[in-house]
Amino acid sequence: KVRLVEVLDSIHGNGELTNKIKAFEEDARARGAPYTTVLKWAKSDERRKIYAASSKMYAKKLLRIDKTSRRIGRYAAMEKELYRRFADRRAHARKTSARWLLHTARH
């Protein structure tokens, strides 16, 4: 859904296109998704929900579920510190995107 909303934004941002609906439906990145459905997803409330769900799903891939295995492994100390910082930020209702997780893990 995130990718489709971004495709819609790029088409709407292109001033040279006159028929936005046809351009969206013919775009290979849209893969046959209905224009009206993606237009609903592009509204601010829906967009916020979609991005939140996407970042949660991606964060699950980056963080281990089982906390007992954090004591072993190649990056156990880094992962414990990253999880602590992640929990602190969320406790204060601050955003933690997948990009934030990657940047914090690398630096």
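The sections below set out a description of the structure shown in this document.

1. Focus: the nonpolar core
Counting residues in each nonpolar core, the largest one holds 15 residues, and the members touching the most others are Leu-4, Leu-8, Ile-11, Phe-24, Val-38 and Trp-41. Of all the elements in the fold, those that place two or more residues in this core are helix H1 (2-13), helix H2 (20-26) and helix H3 (35-41). The leading source of residues in this core is H1, at six residues. Grouped together as the second largest cluster of nonpolar side chains are five residues, Ala-59, Leu-82, Phe-86 and Trp-100 included.

2. Focus on the side chain of Thr-104
The topology assignment puts Thr-104 in helix H6 (residues 98-106). Looking at Thr-104, the relative accessible area reads 11%, which means it is buried. Not counting residues up to four positions away in its chain, the partners in contact with Thr-104 are Leu-82 and Arg-85.

3. Side note on the pattern of salt bridges
Applying the stated criterion across every chain yields a total of five salt bridges. Between Glu-46 and Lys-49 there is a salt bridge, and its shortest N-O distance comes to 3.9 Å. With Glu-46 and Lys-49 both in helix H4 (residues 44-62) and three residues apart, this pair spans about one turn of that helix. Of the charged contacts, one joins Glu-81 and Arg-84 as a salt bridge, the two residues approaching to 2.6 Å between their closest N and O atoms. Placement of the pair is Glu-81 and Arg-84 together in helix H5 (residues 76-91), with a separation of three residues, close to one helical turn. Here Arg-84 falls in the partly exposed class, since its relative accessible area comes to 41%. It is possible to trace a salt-bridge network through shared partners that takes in Glu-81, Arg-84 and Asp-88.

How each quantity is defined
- Residues numbered from 1 in each chain as written.
- Predicted model: local features only at pLDDT ≥ 70, side-chain atom pairs only at ≥ 80, totals over all residues.
- Heavy atoms only, no water.
- Core = buried A, V, L, I, M, F, W, Y, C linked by side-chain atoms within 4.5 Å.
- Buried < 20%, exposed > 50% of the residue type's maximum accessible area, 1.4 Å probe, protein only.
- Helix = DSSP H or I, 4+ residues; strand = E, 2+ residues; numbered from the N terminus.
- Contact = heavy atoms within 4.5 Å.
- Salt bridge = Lys/Arg side-chain N within 4 Å of Asp/Glu carboxyl O.

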